[in-house]
Amino acid sequence: MATQQAARLTRGDDAVEEIYYRKGDIDFCFLLNRRHHNLRVFDYRVGNYQQKRDFFDRIARAEGLRKVFTVVEKQDSKSWRSVGFSREGAIPGYFRTADAYIMSRVYTEEGEPIQGGAPKLNPPALPSLTVKEKQITKPRGLTSELVTDITRLESITRELGLESCYAPFRRGVFNPDVGLFARLGRRDLWVGAETDASFGHAKVDMITRPGKEADLPVLEYCLKVLLEELARNETASVFAVCAADDLLSNQAYGELGFKVTARLTDHLTRDDEFVGAQVWHRRLSPSSAQRLAG
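On a predicted model such as this, the values are computed, not experimentally measured, just so you know.

Regarding the pairing of strand E6 (residues 86–91)
Item 1. Counting buried positions along E6 yields 5 of 6 residues, so the element is predominantly enclosed.
Item 2. Relative to strand E7 (residues 100–106), E6 is paired through 5 bridges, and the arrangement is antiparallel. Considered in E7, the bridge of Ser86 is made with Ser104.

Focus: the nonpolar core
Item 1. Formed by 32 residues in total, the largest nonpolar core has its most connected members in Val191, Val204, Leu230, Val238, Tyr253 and Phe258.
Item 2. Where this core is concerned, the elements lending two or more residues are strand E9 (178–184), strand E10 (187–196), strand E11 (201–205), helix H4 (216–232), strand E12 (237–243) and helix H5 (247–255).
Item 3. When residues in this core are grouped by element, the largest group, 11 residues, is from H4.
Item 4. Not counting residues up to four positions away in its chain, the partners in contact with Val238 are Ala202, Val204, Leu227, Leu230, Phe258, Trp280, His281, Arg282 and Leu284.

Digging into the environment of Gln115
Item 1. Relative to the helices and strands, Gln115 resides in the loop between E7 and strand E8 (143–147).
Item 2. The spacing of Gln115 and Gly84 is 31 residues in sequence and 8.4 Å in space, taken between C-alpha atoms.

Overview of the state of the cysteines
Item 1. Throughout the structure, instances matching the rule amount to 0 disulfides.
Item 2. There is no disulfide at Cys165, and the cysteine sulfur nearest it, in Cys242, is 8.9 Å away.

Considerations on the side chain of Asn38
Item 1. Tracing the backbone shows Asn38 in strand E4 (residues 38–43).
Item 2. From its side chain, Asn38 meets the backbone oxygen of His267 in a polar contact 3.0 Å long.

So, empty space enclosed by the protein
Item 1. Scanning all chains against the criterion turns up 4 cavities of 30 Å³ or more.
Item 2. Forming the walls of the largest cavity are 15 residues, and the residues nearest its centre are Ser164, Met206, Val241, Cys242 and Asp246.
Item 3. Contributing elements (two or more residues each) for the lining of the largest cavity: E12, H5 and strand E13 (259–270).
Item 4. It is E12 that provides the largest number of residues to the lining of the largest cavity, a total of 3 residues.

Considering a positive patch on the surface
Item 1. Taken together, the side chains of Lys74, Lys78, Arg81 and Arg87 make up a positively charged region of the molecular surface.
Item 2. A per-element tally of the positive patch places helix H2 (residues 74–82) first, with 3 residues.
Item 3. In this structure, Arg87 sits in strand E6.

Quick notes on the pattern of salt bridges
Item 1. All chains considered together, the criterion is met by 18 salt bridges.
Item 2. Note that Lys203 and Glu194 form a salt bridge whose closest N and O atoms lie 3.3 Å from each other.
Item 3. Judged by relative accessible area, Lys203 falls into the buried class, the value being 3%.
Item 4. We classify Glu194 as buried; its relative accessible area is 3%.
Item 5. The partner of Asp245 in a salt bridge is Arg270, with the nearest N and O atoms 2.8 Å apart. Taken together, the residues Asp245 in the loop between E12 and H5 and Arg270 in strand E13 connect sequence positions 25 residues apart.

A word on unusual backbone geometry
Item 1. Look at Asn48: it is not a glycine, yet its phi comes out positive at around 55°.
Item 2. The residue Asn48 is located in the loop between E4 and helix H1 (49–63) in this model.
Item 3. Owing to a relative accessible area of 32%, Asn48 belongs among the partly exposed residues under this scheme.
Item 4. A positive phi is found at Asp266, a non-glycine position, where the angle reads about 45°.
Item 5. With respect to the helices, strands and loops of the structure, Asp266 is situated in strand E13.

Considerations on H1
Item 1. Between the first and last C-alpha of H1 there are 21 Å, a value that for 15 residues agrees with the 21 Å anticipated at 1.5 Å per step.
Item 2. Turning to H1, its buried residues number three or more, namely Tyr49, Lys52, Arg53, Phe55, Phe56, Asp57, Ile59 and Ala60.
Item 3. Positive phi shows up at Gly64, right after H1, with a value of about 65°.

Things to note about the layout of surface pockets
Item 1. Quantified by volume, the largest pocket comes out at close to 450 Å³.
Item 2. Lining the largest pocket are 18 residues; nearest its centre among them are Phe42, Asp43, Tyr44, Val71 and Phe95.
Item 3. Broken down by class, the residue content of the lining of the largest pocket amounts to 9 nonpolar, 1 polar and 8 charged.
Item 4. In this structure, the second largest pocket encloses a volume near 200 Å³.
Item 5. Of all the secondary structure elements, the ones that give two or more residues to the lining of the second largest pocket are E10 and H4.
Item 6. Its residues assigned to classes, the lining of the second largest pocket comprises 4 nonpolar, 6 polar and 4 charged.

Conventions we followed
- The written sequence of each chain sets the order in which its residues are numbered from 1.
- Per-residue local features are limited, in this predicted model, to residues with pLDDT of at least 70; the limit for side-chain atom pairs, both in listing and counting, is 80 or more; totals at the level of whole chains, interfaces and linings are taken over all residues.
- The basis for every side-chain value is the complete set of non-hydrogen atoms in the structure, without hydrogens or water.
- Only protein chains enter the accessibility calculation, which uses a 1.4 Å probe; a residue is then buried when its area is under 20% of its type maximum, exposed when over 50%, and partly exposed in between.
- The helix and strand labels rest on DSSP assignments: H or I over at least four residues marks a helix, E over at least two residues marks a strand, and numbering proceeds from the N terminus.
- Two strands pair if DSSP finds at least two bridges between them.
- For the purposes of this section, nonpolar cores are sets of buried Ala, Val, Leu, Ile, Met, Phe, Trp, Tyr and Cys residues that join through side-chain atoms within 4.5 Å.
- We call two residues in contact when some of their heavy atoms are within 4.5 Å.
- Any two cysteine sulfur atoms within 2.5 Å of one another count as a disulfide.
- Whenever a nitrogen or oxygen atom comes within 3.5 Å of another N or O atom, the pair is scored as a polar contact, on the condition that within protein one atom can donate a hydrogen and the other can accept it, and that pairs from neighbouring residues in sequence are kept only if both atoms are in side chains.
- A cavity, in this analysis, means grid points on a 1 Å lattice covering only the protein atoms where a 1.4 Å probe fits yet has no way out; a pocket is instead an open set bounded by protein on both sides within 12 Å along at least five of seven lines, and a residue lines either one if it has an atom within 4 Å of a point.
- Grid points are joined across faces, edges and corners, and a volume is the space filled by probe spheres set on the points.
- Only residues whose relative accessible area exceeds 30% and that form no salt bridge are eligible for patches; like-charged ones are grouped when within 9 Å, while nonpolar side chains (Val, Leu, Ile, Met, Phe, Trp, Tyr) are grouped when within 5 Å.
- Areas reported here follow the Shrake-Rupley algorithm with a probe of radius 1.4 Å; residue values treat only the protein chains shown as occluding.
- Salt bridges, as used here, are contacts in which a Lys or Arg side-chain nitrogen is within 4 Å of a carboxyl oxygen on Asp or Glu.
- None of His or the chain ends enter the tally, which takes Lys and Arg as positive and Asp and Glu as negative.
- Where a charge lies is defined by one atom per residue type: Lys uses NZ, Arg uses CZ, Asp uses CG and Glu uses CD.
- Every helix has an expected span of 1.5 Å times one less than the residues it contains.
- Here the nonpolar group is Ala, Val, Leu, Ile, Met, Phe, Trp, Tyr, Cys and Pro; Asp, Glu, Lys and Arg are the charged ones; every other residue, Gly included, is treated as polar.

In short, shape yes, function no, at least from these values alone.
Printed below as a string of structure tokens:
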């Protein structure tokens, strides 16, 4: 007998469902993101890969999805590849002592898997970064506060998440669990993080995305302060999933010392169009807070 439970969070026309499925030797959870037309899989048992793939293919056709993806350790990635998934990159240190590999299956508009695997993403070129990590100082007149109130973070994610292409990555909470609110003049800015203490990592997001180059120093400083807080709380590494054509956001991560470790085809939607994404990664350490502050 299969068991299934679902919990839904709705943001306007955007709905994310967390669904559990168990039948025989198959046991997994997945996030069905209808806004971005993708499925994020959490697989708890090895084996039965073809049966799992066929199950996800059926969901993709029924829901009109463009993509199914999972994040697994290296040895498991080979098994997913054997049933038609493509490796689109890695998240170093995702499992604290092991890297994670992003395995994806991309579909046509008719719901058929693309033969040959996920098409390669070729993002626009960024300006040359002349230093490993830019010296970032606090903009004059900026005030900020750390926010951990989930209700407040849910509200701001609901308000700004569509514009920033926000997509939850973990189970349980469909928004950042820690954020930084900043104000400069009449403008409010938000950055946030989905933290995972068990694995010592966090996904960071610019919930307010830069609209012009003048926004970069402010948002880079906000991210820097957030990284300091994460480092103090023993976060070993951080990563971000950023729309590949958002040049200013990608530039901000590069100037903060992040590196691209994965390129994801048709991973997000904006104005009903599919866009690729880049995964930016950076390691932190107990001394990171002091180094960032300096």
